Structure formats: C-alpha cells, structure tokens
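The primary structure of each chain is shown beneath.
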Amino acid sequence: MPTMDDILEHIGEFNFFQKQTFLFLALLSAAFTPIYVGIVFLAFTPDHRCRSPGVPELSHRCGWSLAEELNYTVPGPGPEGQAFPRQCRRYEVDWNQSALGCVDPLAGLAANNSLLPLGPCRYGWVYDTPGSSIVTEFNLVCTNSWMLDLFQSAVNVGFFIGSVGIGYIADRFGRKLCLLITILINASSGVLMAISPNYTWMLIFRLIQGLVSKAGWLIGYILITEFVGLSYRRTVGILYQVAFTVGLLVLAGVAYVLPHWRWLQFTVTLPNFCFLLYYWCVPESPRWLISQNKDAKAMKIIKHIAKKNGKSLPTSLQSLGSDEEVGEKLNPSFLDLVRTPQIRKHTLILMYNWFTSSVLYQGLIMYMGLAGSNIYLDFLYSALVEFPAAFLILVTIDRVGRRHPWAASNMVAGAACLASVFIPEDLRWLRVTVVCLGRMGITMAYEMVCLVNAELYPTCIRNLGVLVCSSMCDIGGIITPFLVYRLTSIWHELPLVVFAVVGLVAGGLVLLLPETKGKTLPETIEEAENMQRPRKNKEKMIYLQVKKLDTPPN
C-alpha cells in the first residue's frame, strides 16, 4: 500500500497548495513572537526612584535641573550587595517644609546625607520613560519585583501544561480543530489582557495565552511538515522557524512605534483573529486521517491538493480506503512514547535536548546582558544572529544530514561557553564574539531539534511526541533566570561552565539518534522502531532471496 510520501510524489511535494499553506502557517509562526519574548517590551523596567511629595514643587521653586534634583533629593548607591536605595528607598524628610534651602537643602538636617533615615517608597515611584509598561503601571519593582518573575513564569507554566494536554488532543481529535481552538482562545485572552483592570486579571489571561499559544505554533509546524514531500520537509521546517525570527524584527519595530504596553498588546494580538479564516484555507492533515482510518476524508483532501497543484491522481492510488478499512483505529497514548525501546530512547534524548536548547538560548542572552541604552537595537541585533544559523542549516543539512550538524552545533555552543571562561575581561570584544558564536550554535540546535523531533515519531503519536518533548524547554525557561543569577553570585563564570557541560553532553547524546536524512516519515510504531536498522533488514532480505534461488529443484 502506498504511503503519503508516495502519493505526494505524484500530486506535488511543494507546489501551489503547499506554498500557499506554508505562507499561511508562517504568519502564525511570526505571530507567536510577542508571546514568547514580548515581555522584553511589555515589562520593560526603566530607571526609577521613589516619589517624594513636595520635591517637584521645591525643584520648580529653586529652578533645579533634573541632575540637581536627583543629587539633592535621591539617596546615592548603597553598600555593595544591598538593594539600591536610589530605586527602592527615600529620605524620610518632609520636603514641604519652608526651611529647606535651594543649595544643599539637607545640610541643615544632618552633617552627612548618609546619616539621614531612609524609608520605603510609600508614595509610589517616578519612572524615567516616555512610554509605559506593566512594570510602571502596576509598580512591579523593589519589593514587588517578584510579581514580574511570576508573570513570566506563568507563561512558561502555560507552555508546559498546554504542550502536553493539547498535544494529546491534537493527535486524538485532529490538527485542524485543535489549531482553530488555540487561535481563538489565544486571540481572545490577548485582547482581555490588554484591557485588564489589575495585575491579577492580567496574570490570568497571560497564563491562558501560554496554555494555547505554543501548542498552536507547534501544531502549525506539524501540519506543514505533514503536507509537504520528503525532499522539502527539512526546508519548510527551518523556514517556519525563520518566520519566527522575522517576527522578532517586526516586534522590535512595532514596539518602537508603540511604547505603551496596552496599545502594543492590542496591536500584536488583533491579527490573530484573522487566522480563524484558516477554517476555509487549511485542511486537515491527510496523514492524521489515514492513521485514524478516516480514509474517505483523507482521499478527498488528497484530491483537493492534486487539483490545487494542477496534477492528476493516478487510479492506482485512489483505492486507499478499501485496503485499510480492516485496520484498527489508533488512539495516541503517553505510554507510546516510552513503551518500545527505540522510541523510549528517542524520547529521553529529545527531552534533554529541548531542555538544553532552552537553557543555553535564554541563558546566553541573559548572561550577555542586553540591557544597553537602547533595548530596541539590542533586541534587533540579537535577532539578526539567528539568520546565519538558519542559513548554515539549509546549506549543510542535505549534504551532511541531520545528526552530525545538530551534534556539532551543541558542541560548538558548549565549547564556546567553556572557552569564554578563560578569556580575560580586557579582551571584551573577543569574549563577546565567542559568546555570540555560542549563541549561533545553540540557535542551530534549537531549530534542528524541532525538525528532527517530528521526523522520529510515527504519525499516530507525532504531535503528542513533539509537544511532550518540547515541554522540557518550558521547564528550562522557568529555571534559567535562577540558574544565571544565583550562580553568578557564587562565581561570575559559573553559569558558563554549567552551559558548557550541558551543551557538550547534549551533542554526545544526539549521536545516539538515527539519521533521518532521505527517510520517509514513519507511519507506524514499528517503522519508527526500525529506523536504525533499514539497511540491515534490506541486506537480510537479499541474502534470503539469493539463498532460495541457489537451491536446486528436486
């Protein structure tokens, strides 16, 4: 019985239908960017200081410049290792008293300003920014800074739960239905977040976005890889992720034009409602329908693809249903990911590599400290690094295969982190260059794990396998900030040592996976189990045939 890849060879592997569908789903990939990294702009923390009643009036009466006002009325930096008084503490002084002069107004209250009592910012804060963020609106600074960490953690917790739960639903009830539901919930919760009256409601709607958005992105990835033929599968997989990188560039531009977080959230969310039109534009995956023994529906979609591509479906390929109706409908199970030895090995290695990619990708960004004078340019530069990584994958993956470039990219990232530990601080340009090389390596590894993950699982559990394994990157996203900031307090280079070990181990484990270059997507668990042994089976079959032919007749 012909496979879906055999059928695509006749009706078009990447013709008009696949190109159109890829364009639609690439837009979905780009729209995921504001949810994954939008916190950089939505929760930007500007320079701030305690609000002190009476200071603006005194500054106006005395004609102070901003620098003079800060010098006279704001505490200076505190002792090393303590909180920053300039941002979180204020002088316990009544600034409305008329006895205060314009030249060193605190001189009459104490011989040294450091002797003056300090108190909390009970009147709020003043933020040095022309725009707004959730930090400035809800005062998520100083003793409330943990609420910002909770905001980001809620998204990653949502990613984790949604990846596992929605992955099962997509394999059980179909890709298209699940995709449309996630789009609707994501768009609605995004708008509701933009009009949230308080922090609690904003946190709830952000959690809901996390539950559905990443799962929707991965379902789109699964769909496009199942629609195209074998020879184009790796290209569209990489380009689908390049669309995410394009979304990074667009987000930087939109955030620059709209520095107010509510308008920014509205603007990046509203286009998601347009994706509901995919009900008429994107069909269900015929691979999934075949795996569920819904052969009549699968054949209808296959004929639709052939018509859109201007191809005719051979008669020999139109009897798919009659030969498979005796089969049993397959329902995905979490146990299928660990029940058989090869798939169990694939699952464990893929989960570790998803975790590694997330920790190194986010950890290197944090360690490089992209908190310069212009967050828009910093964000733009960090996004541009991802394009050469995608180019290197496209150049090498067909010539060398998946496994070795993937292993090499992990090892380069780990080696770069280890090498930077020994580069002295006065050679900062070299240090930054090496860390950027590591960033490029882990970006390649991140894109490769997405591609290979889908190729190692059979159709009946492919969506579930990708979403369960990728959920480990959400665990990595939750712990990475603590890993970076806690370890640097022990030794500044310790995070790099940890990144190096994790990356090098990931590269070694990748070499234990089978090569998927030139192989059709496995349709059954048995095919997935035999991915590392096709040549051996073929040689055994030839040997038996030769032996039979050599036997003289009686």
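These figures come from a predicted structure and were not determined experimentally.

(A) The overall build of the protein chain, seen in detail. Regarding its fold elements, the protein chain presents 27 helices and four strands. Within the protein chain, the proportion of its 554 residues that are buried is 51%. Carbon together with sulfur atoms contributes 65% to the accessible area of the protein chain, which is approximately 25,300 Å² in total.

(B) Seen up close, the packing of aromatic side chains. Tallying each qualifying case throughout the model produces 21 aromatic pairs. Between the aromatic rings of Tyr-36 and Phe-244, the centroid separation amounts to 5.9 Å while the plane-to-plane angle is 75°, which identifies the pairing as edge-to-face. Taken together, the positions of Tyr-36 in helix H3 (residues 33-37) and Phe-244 in helix H12 (residues 230-257) put the pair 208 residues apart, joining distant regions of the chain. Among the aromatic residues, those joined into a ring-pair cluster are Phe-32, Tyr-36, Phe-159, Trp-217, Tyr-221, Tyr-240 and Phe-244. Above the face of the Phe-173 ring, Arg-172 is positioned so that its terminal group lies 5.2 Å from the ring centre.

(C) Representation of the confidence of the model for the protein chain within the structure. Predicted confidence across the protein chain gives a mean pLDDT of 81, with 87% of residues reaching 70 or more. Considering only residues more than four positions removed or in separate chains, one finds that residues 534-554, a stretch of pLDDT under 50, has two contacts.

(D) Inspection of helix H20 (residues 375-384) at higher detail. Listing the buried residues of H20 in full gives Ile-375, Asp-378, Phe-379, Ser-382 and Ala-383. Buried residues of H20, seen end-on, are gathered within an arc of 130° and therefore sit on one face of the element.

(E) Seen up close, the pattern of salt bridges. This structure, assessed with the given rule, holds nine salt bridges. Taking the shortest distance from any N to any O, the salt bridge between Arg-439 and Glu-386 comes out at 3.2 Å. One end of the pair, Arg-439, is in helix H23 (residues 428-456); the other, Glu-386, is in helix H21 (residues 386-400), with 53 residues separating them in the sequence. Accessibility assignment for this pair places Arg-439 and Glu-386 in one class, buried. Among the salt bridges present, the one from Arg-402 reaches Glu-455, with a minimum N-O distance of 2.8 Å. Of this pair, Arg-402 sits in the loop between H21 and helix H22 (403-421) while Glu-455 sits in helix H23, and the two are 53 residues apart along the sequence. The two residues Arg-402 and Glu-455 agree in class, both being buried.

(F) Broad picture of the packing of H12 against H21. Two numbers describe how H12 lies on H21: the axes approach to 10 Å, and their chain directions differ by 175°. By the angle between their directions, the pair H12 and H21 is classed as roughly antiparallel. Across the interface between the two elements, Arg-234, Thr-235, Ile-238, Leu-239, Val-242, Thr-245, Val-246, Leu-248 and Leu-249 of H12 pack against Glu-386, Phe-387, Ala-390, Ile-393, Leu-394, Ile-397 and Asp-398 of H21. Broken down by class, the residue content of the contact of H12 with H21 amounts to eleven nonpolar, two polar and three charged.

(G) Region of interest: the environment of Gly-507. Checked against the element boundaries, Gly-507 lands in helix H25 (residues 494-510). Owing to a relative accessible area of 0%, Gly-507 belongs among the buried residues under this scheme. Residues Gly-507 and Ala-408, spaced 99 residues apart in sequence, show a C-alpha to C-alpha distance of 6.5 Å. The residues contacting Gly-507, other than those within four sequence positions of it, are Ala-407, Asn-410 and Met-411.

(H) Region of interest: the state of the cysteines. If you walk through the whole model with that rule in mind, you get two disulfides. One disulfide in the model links Cys-50 with Cys-121; its S-S distance is 1.6 Å. Here the residue Cys-50 occupies a position in strand E1 (residues 48-50), and Cys-121 occupies one in the loop between strand E3 (118-120) and strand E4 (125-127), the gap between them amounting to 71 residues. Comparing Cys-50 with Cys-121, the two get one shared label, buried. For Cys-88, the disulfide goes to Cys-142, at an S-S distance of 2.0 Å. Between Cys-88 and Cys-142, the S-S dihedral sits near -95°, and the bridge is therefore left-handed. Taken together, the residues span a long stretch of sequence, with Cys-88 in helix H7 (residues 85-88) and Cys-142 in the loop between helix H8 (134-138) and helix H9 (146-173) at a distance of 54 residues.

(I) Structural view of the environment of Asn-71. Secondary-structure assignment places Asn-71 in helix H6 (residues 66-73). Classification of Asn-71 by relative accessible area gives exposed; the value is 54%. Asn-71 sits 33 residues away from Asp-104 along the chain, and the two C-alpha atoms are 9.0 Å apart.

Conventions we followed
- Starting from 1, residues in each chain are numbered consecutively following that chain's sequence as written.
- Reporting of local features is limited, given that this is a predicted model, to residues whose pLDDT is at least 70; pairs of side-chain atoms are given and counted only at 80 or more, and all residues count toward the totals for whole chains, interfaces and linings.
- Water and hydrogen atoms were dropped before computing side-chain values, which therefore reflect all heavy atoms in the structure.
- Only DSSP runs of H or I covering at least 4 residues are called helices, and only runs of E covering at least 2 are called strands; the numbering of each starts at the N terminus.
- Summary of the burial criterion: residues with accessible area below 20% of their type's maximum are buried, those above 50% are exposed, and those between are partly exposed, where the area comes from a 1.4 Å probe applied to protein chains only.
- Accessible surface is estimated by sampling points in the Shrake-Rupley manner with a 1.4 Å probe; for residues, cover comes only from the protein chains shown.
- Geometry of aromatic contacts follows a simple scheme: Phe, Tyr and Trp rings, the Trp one being its six-membered ring, pair when their centres are within 6.5 Å, and the pair is stacked under 30 degrees between planes, edge-to-face over 60, tilted otherwise.
- Charge-over-ring contacts are defined here by two conditions on Lys NZ or Arg CZ: a distance within 6 Å of the ring centre and an angle within 35 degrees of the ring normal.
- For every residue, the predictor assigns a confidence score, pLDDT, that lies between 0 and 100.
- When checking whether two residues touch, look at their non-hydrogen atoms; a contact exists if any pair is within 4.5 Å.
- An arc is given here, and it is the one of the directions from the helix axis to the C-beta atoms.
- Take a side-chain nitrogen of Lys or Arg and a carboxyl oxygen of Asp or Glu: if they are within 4 Å of each other, that pair is a salt bridge.
- Here an angle of 0 to 180 degrees is reported between the N-to-C directions of two axes, which are lines fitted to C-alpha atoms, with helices fitted over the stretch in contact.
- Throughout this description, any angle smaller than 35 degrees is read as roughly parallel, any larger than 145 degrees as roughly antiparallel, any in the 65 to 115 degree range as roughly perpendicular, and the remainder as oblique.
- Residues are sorted three ways: Asp, Glu, Lys and Arg are charged, Ala, Val, Leu, Ile, Met, Phe, Trp, Tyr, Cys and Pro are nonpolar, and all the rest, Gly among them, are polar.
- Defined by distance alone, a disulfide is two cysteine sulfur atoms within 2.5 Å.

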